[in-house]
Amino acid sequence: MAGTTLTEVMAELAELEDPKARAVNEKHGDDHGVNLGKLRAIAKRLKTQQELAYRLWETDDTAARLLALLICRPKAFERDELDRMLRQARAPKVQDWLVNYVVKKNPHVEELRLAWFTDPDPVVASAGWALTTERVAKKPEGLDLEGLLGVIEAEMKDAPDRLQWAMNHCLAQIGIEHAGHRARALDIGERLEVLKDYPTAPGCTSPFAPIWINEMVRRQHDA
């Protein structure tokens, strides 16, 4: 499919647009109506095409940008390119895929984590926290976990939604993965009560940190 043009791909995405799917997605801030399974099927057919990925991204269309992130070469991007892309990626799903599918596989990931972590834009900062949470779980050496808990304790309660969510995930991950910090993580979660009343579907784990931590620790012990 290397000869597929931008026009052809955009036409295919337009055909997949579903008003009902858009209505659901827009409740989460994602302005597109393309079924993600169908989007992944297109990406599988197109395979890796970095130049087409660039062109799809430049359309400023959310579905096209999601597709771009699936067919790009994560290691091909320069640091400043990824920084610019994150600042352009206002839709939550685009930001999520950019961080998880591209930035985490890029050689500049640690440099970007540090830069984004303290960015004044809360959406950008949330990406820094997401990358920090990844390190908490997989490569905690060198991280100041006590310091992270201190920042969470001081700032999470009043943080904007997406930044608050990212901080809460980091809090839970510290409590789950690091027994020595678990008591403090649980205490912070109990006192701040962030996401305590978040609606949770049956069979799913609440994002309220104390419930989340205790449930995941229980599963680890039962495994």
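All values derive from a computational prediction rather than experimental measurement. (Residues numbered from 1 in each chain as written. Predicted model: local features only at pLDDT ≥ 70, side-chain atom pairs only at ≥ 80, totals over all residues. Heavy atoms only, no water.)

1. Quick notes on the overall build of the chain
Note the threshold: Each helix is a run of H or I in the DSSP string that is no shorter than four residues. Each strand is a run of E no shorter than two, and both are numbered from the N terminus. Two residues form a contact once any of their heavy atoms are found within 4.5 Å. To measure how exposed things are, a 1.4 Å probe is used in the Shrake-Rupley method; for residues, cover is taken only from the protein chains shown.
When helices and strands are tallied, the chain shows 13 helices and 0 strands. Its helices and strands taken in sequence order, the chain reads α-α-α-α-α-α-α-α-α-α-α-α-α from the N to the C terminus. Taking the principal axes of its C-alpha atoms as reference, the chain extends roughly 55 × 40 × 35 Å. Within the chain, counting contacts between residues at least 6 apart in sequence, those at least 24 apart form 64% of the total. Accessible surface, the chain: about 11700 Å² in total, of which carbon and sulfur atoms supply 52%.

2. Describing the side chain of Ser-126
To keep things clear, this is the line we draw: Here a polar contact is recorded for every N or O atom pair within 3.5 Å, except that within protein the pair must consist of a potential hydrogen donor and a potential acceptor, and residues adjacent in sequence are included only if both atoms are side-chain atoms.
Note that Ser-126 resides in helix H9 (residues 122-138). A polar atom in the side chain of Ser-126 sits 2.6 Å from the backbone oxygen of Val-123. For Ser-126, the contacting residues outside a window of four places in its chain are Gln-95, Arg-162, Leu-163 and Ala-166.

3. Structural notes on helix H4 (residues 50-58)
Formally: Note on exposure labels: buried denotes an accessible area under 20% of the residue type's maximum, exposed denotes more than 50%, and partly exposed covers the range between, all computed with a 1.4 Å probe on protein chains only. What the arc describes is the spread of directions from the helix axis to the C-beta atoms.
Turning to H4, its buried residues are Gln-50, Leu-52, Ala-53, Leu-56 and Trp-57. Buried residues of H4, seen end-on, are gathered within an arc of 155° and therefore sit on one face of the element. H4 presents Glu-51 and Glu-58 as exposed residues on the side facing more than 90 degrees away from its buried surface. Packing partners of the buried residues in H4 comprise helix H1 (6-16), helix H3 (36-46), helix H5 (62-71), helix H6 (79-88) and helix H7 (92-102). Looking one or two places after H4, you find Asp-60, whose phi comes out positive at around 65°.

4. Here's the deal with the nonpolar core
Convention followed: What we call a nonpolar core is a set of buried Ala, Val, Leu, Ile, Met, Phe, Trp, Tyr and Cys residues that are connected through their side-chain atoms within 4.5 Å.
Counting residues in hydrophobic clusters, the biggest one holds 37 residues, and the most contacted among them are Leu-56 and Leu-67. A per-element tally of this core places H5 first, with 7 residues. Trp-129, Met-167, Ile-213 and Val-217 belong to the second-largest nonpolar core, a separate cluster that totals 28 residues.

5. Quick word on the pattern of salt bridges
Here is the rule we go by: By salt bridge we mean one thing: a side-chain nitrogen of Lys or Arg within 4 Å of a carboxyl oxygen of Asp or Glu.
Scanning the model with the defined rule gives 21 salt bridges in all. Among the ionic pairs, Asp-119 bridges to Arg-87, the shortest N-O distance being 2.7 Å. One end of the pair, Asp-119, is in the loop between helix H8 (109-117) and H9; the other, Arg-87, is in helix H6, and 32 residues separate them in sequence. Judged by relative accessible area, Asp-119 falls into the buried class, the value being 16%. The class for Arg-87 is partly exposed, based on a relative accessible area of 34%. Glu-153 is the salt-bridge partner of Arg-191, the closest N and O atoms lying 2.5 Å from each other. Of this pair, Arg-191 sits in helix H12 (residues 182-192) while Glu-153 sits in helix H10 (residues 145-155); the two residues are 38 residues apart in sequence, bridging distant segments of the chain. The partly exposed category is assigned to Arg-191, whose relative accessible area is 44%. Within the structure, one salt-bridge network assembled from shared partners comprises Glu-146, Glu-153, Arg-184, Asp-187 and Arg-191.

6. Side note on the packing of H9 against helix H11 (residues 161-177)
Spelled out, the test is: Interaxial angles span 0 to 180 degrees and are taken between N-to-C directions of axes, which are lines fitted to C-alpha atoms, for helices over the stretch in contact. Angular relationships are summarised with four words: roughly parallel below 35 degrees, roughly antiparallel beyond 145, roughly perpendicular across 65 to 115, and oblique for the angles in between.
Where H9 contacts H11, the two axes come as close as 8 Å, and the packing angle between them is 10°. In terms of orientation, H9 and H11 fall into the roughly parallel class. Contact residues: H9 offers Pro-122, Val-123, Ala-125, Ser-126, Trp-129, Thr-132, Thr-133, Val-136 and Ala-137, while H11 offers Arg-162, Leu-163, Ala-166, Met-167, His-169, Cys-170, Gln-173, Ile-174 and Glu-177.

7. Comments concerning the environment of Thr-205
The residue Thr-205 is located in the loop between H12 and helix H13 (209-222) in this model. With 11 residues separating them in the primary sequence, Thr-205 and Met-216 have C-alpha atoms 8.9 Å apart. If sequence neighbours within four positions are ignored, Thr-205 has contacts with Thr-200, Trp-212, Glu-215 and Arg-219. There is a polar contact of 3.1 Å between the side chain of Thr-205 and the side chain of Arg-219.

8. Things to note about the layout of surface pockets
Using the following cut-off: The method works on a 1 Å grid over the protein atoms by themselves. A cavity is a set of points holding a 1.4 Å probe that cannot get out, a pocket is an open set with protein on both sides within 12 Å along at least five of seven lines, and residues with an atom within 4 Å of a point line them. Grid points are joined across faces, edges and corners, and a volume is the space filled by probe spheres set on the points. Side-chain classes follow a simple rule in which Ala, Val, Leu, Ile, Met, Phe, Trp, Tyr, Cys and Pro form the nonpolar group, Asp, Glu, Lys and Arg form the charged group, and the remainder, Gly included, forms the polar group.
Counted as a void, the largest pocket has a volume near 890 Å³. Residue lining of the largest pocket: 25 residues in total, with Pro-92, Asp-96, Arg-162, Trp-165 and Ala-166 positioned closest to the centre. Here the residues of the lining of the largest pocket sort into 9 nonpolar, 8 polar and 8 charged. As a volume, the second largest pocket reaches approximately 200 Å³. Lys-104, Val-109, Glu-110, Arg-113, Leu-131, Glu-134, Arg-135, Lys-138 and Lys-139 together form the lining of the second largest pocket. Put simply, the parts of the chain that give the lining of the second largest pocket at least two residues each are H8 and H9. Counting residues per element, the lining of the second largest pocket draws most heavily on H9, at 4 residues. Each residue belonging to the lining of the second largest pocket can be placed in one class, and the counts come to 2 nonpolar, no polar and 7 charged.

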